[in-house]
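Report on the structure
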Amino acid sequence: MKSLNIFGKKSEQTSKRKQDRGIAVVATRIFTPEIAAAAFRENATAQALAEYRPTVVLTGQLGGTKKVETPKRGLKIKRAPVKRDKDGFVRGLFEYLSFDIPLFFRLFAQRNVKYVLFEPPFTTGLVVSTYSLLKRVPYIYYAADIVTEAQSDLLPKPIFKLVLLFQRYLLSQARLVLVINEDMRETALKMGAKRIEVVNNGIDTDQFTPPTGSLDPELAKQMGITGPYFIYAGTASDLQNAPIFGRALLSEPQLQDYQLLYLTQGNEQDQIDELGKQHPDRILVRGLQKPEVARELQGHAVAALASIKPGNGYDFAYPTKVYSAYACGSPVVFAGVGPAAVDIKRSDLGQAVEEFTAANIGQGMLAVAQRVADEKQSKQWREGIRNWVVENRSLKKTGQNAAAFIEKHCAE
């Protein structure tokens, strides 16, 4: 009994020592179990920060019936009411403000804060930077998205200039800026960031895994799958031009026996729906699915499809749907340029198509389909893809790297 008390006392002492070092605060409008790159990234980082010191996540209440996970020891997740759009996301000016305005007061309610970590939008950054200035607490800017002059057409000119001004201020005043690739490091540096570290995005390789058997016949029937199929899963916005894959499939004569399954939402959804109505047997439009369903459908697909439309200022982006496909053992046909295309070419992870036309993309899809048709070659290829993402883009490793950089620069 004595030894139990001793261990309990040691645990309490360890906990107290961590508390004495101050707490880490993560301010984020989106957090797991919501399905988005930012949610995965912030959760992994918060989990890793909790190994160094008590960590508090300030986020929004979940919409719908999403189940809240029990956080690990040393991590507290505090949720507050927030406005969501019709798709259930905290996305849009009023939605952002519904999180950011209360965040100001929620930050001041925290005690013994060592530092604050936040992601875009800039409205969250303005709240965090104001708190930082008043309380003399450093902040870390996880700049997974940086607005540049190349994106000036996305907003009215006066608003765009204001966004750019605020972003420069936030980058220049941050104790540390975390970016997701080397291209973004250069951009952040030009905009005034002083301390920059690169932390590649990752995927939960325990949640996203290759299938262990054949595709469930009931699921196939529900989706309308009758043969080999490609899959596009995730956001479909004008940054991606996701409908081009449907047009690519239809334009390539040698793919006439293949289908394309869209599990999407976004501002291009109407175009995708129209493609589905015109070609209901080949273009299957089914909307977003639960992670376990999307995982099985990705794992059995000929290939996953992803894109970043070139020249819109987001060539540096690396879609999370690419990582999830790799984790499921699926090759990727990527349309566009940037780091995702580089990895595909360097590590044989699929087919990169830089010429952003339906005809060229169709040829890329065909090249993968022909390679996957060889069962033995397909098995070895898929195993190699899975191994690559486990070794290079594990979400746990991403969180650990981010937390280590934060402690290195902000713990003194």
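See the structure above.
Let me begin by describing the structure that accompanies this report.

1. Comments concerning the pattern of salt bridges
Evaluation of the coordinates by the stated rule reveals eleven salt bridges. Of the charged contacts, one joins Arg53 and Glu407 as a salt bridge, the two residues approaching to 2.8 Å between their closest N and O atoms. One end of the pair, Arg53, is in the loop between helix 2 (37–49) and strand 2 (55–60); the other, Glu407, is in helix 15 (residues 395–410), and 354 residues separate them in sequence. Residue classification places Glu407 among the buried positions, given a relative accessible area of 8%.

2. Regarding the nonpolar core
Side chains of a nonpolar character, in soluble globular proteins, are inclined to be buried together. Counting residues in hydrophobic clusters, the biggest one holds 127 residues, and the most contacted among them are Val177, Phe230, Phe245, Leu297, Tyr326 and Met365. When neighbours within four sequence positions are excluded, Phe230 is seen to be in contact with Leu249, Leu255, Tyr258, Gln259, Leu260, Leu261, Val302, Ala303, Leu305, Met365 and Ala369.

3. Points about a nonpolar patch on the surface
Judged by side-chain polarity, Leu93, Phe94, Leu97, Ile101 and Phe105 come together as a nonpolar surface patch covering roughly 550 Å² of accessible area. Tracing the backbone through its elements, the reader meets Phe94 in helix 3 (residues 93–108). Among the residues examined, Phe94 registers a relative accessible area of 61% and is labelled exposed.

4. Quick notes on the packing of helix 3 against helix 4 (residues 122–135)
Close contact between helix 3 and helix 4 brings their axes to 9 Å; oriented N to C, the two are set at 15°. As the angle between them shows, helix 3 and helix 4 are arranged roughly parallel. Every pair of crossing elements has a handedness; the one defined by helix 3 and helix 4 is right-handed. Each of Tyr96, Leu97, Phe99, Asp100, Leu103, Phe104, Leu107 and Phe108 in helix 3 lies in contact with helix 4, whose residues at this interface are Thr123, Thr124, Val127, Val128, Thr130, Tyr131, Leu134 and Lys135. Its residues placed into classes, the contact of helix 3 with helix 4 shows eleven nonpolar, three polar and two charged.

5. A few points about the pairing of strand 11 (residues 304–307)
Judged by which residues are buried, strand 11 turns out to be covered on both faces: Ala304 and Ala306 on one side and Leu305 and Ser307 on the other are all buried. Here strand 11 pairs with strand 12 (residues 332–335) via four bridges, running parallel. If you follow Leu305 over to strand 12, its bridge partner there is Val333. Considered for its hand, the β-α-β crossover made up of strand 11, helix 11 (residues 320–327) and strand 12 is right-handed.

6. Some remarks on the environment of Leu58
Looking at the secondary structure, you find Leu58 in strand 2. By relative accessible area, Leu58 is classed as buried at 1%. For the pair Leu58 and Asp216, spaced 158 residues apart in the sequence, the C-alpha separation amounts to 39 Å. If we skip the residues at most four places from it in the chain, Leu58 touches Val25, Val26, Ala27, Thr28, Lys78, Phe99, Leu103, Arg106, Leu107 and Gln110.

7. What about the packing of helix 8 (residues 243–251) against helix 13 (residues 358–372)?
Between helix 8 and helix 13, the least distance of the axes is 8 Å, while the angle of their chain directions is 70°. Relative to helix 13, the element helix 8 is oriented roughly perpendicular. Side by side, helix 8 and helix 13 meet where Ile244, Phe245, Arg247, Ala248, Leu249 and Ser251 of the first sit next to Ala358, Ala359, Ile361, Gly362 and Met365 of the second. Of the residues that constitute the contact of helix 8 with helix 13, the class distribution is eight nonpolar, two polar and one charged.

Here is what the cut-offs are and how they apply
Residues numbered from 1 in each chain as written. Predicted model: local features only at pLDDT ≥ 70, side-chain atom pairs only at ≥ 80, totals over all residues. Heavy atoms only, no water. Salt bridge = Lys/Arg side-chain N within 4 Å of Asp/Glu carboxyl O. Helix = DSSP H or I, 4+ residues; strand = E, 2+ residues; numbered from the N terminus. Buried < 20%, exposed > 50% of the residue type's maximum accessible area, 1.4 Å probe, protein only. Core = buried A, V, L, I, M, F, W, Y, C linked by side-chain atoms within 4.5 Å. Contact = heavy atoms within 4.5 Å. Patch = residues over 30% accessible without salt bridge, like charges linked within 9 Å, V, L, I, M, F, W, Y side chains within 5 Å. Areas by Shrake-Rupley, 256 points an atom, 1.4 Å probe, with all protein chains shown as cover. Axes fitted to C-alpha atoms, helices over the stretch in contact; angles between N-to-C directions. Parallel < 35°, antiparallel > 145°, perpendicular 65-115°, else oblique. Left-handed = near helix turned anticlockwise from the far one by under 90°. Nonpolar A, V, L, I, M, F, W, Y, C, P; charged D, E, K, R; others polar. Pairing = 2+ DSSP bridges. Right-handed = clockwise from strand over helix to strand, strands pointing away.

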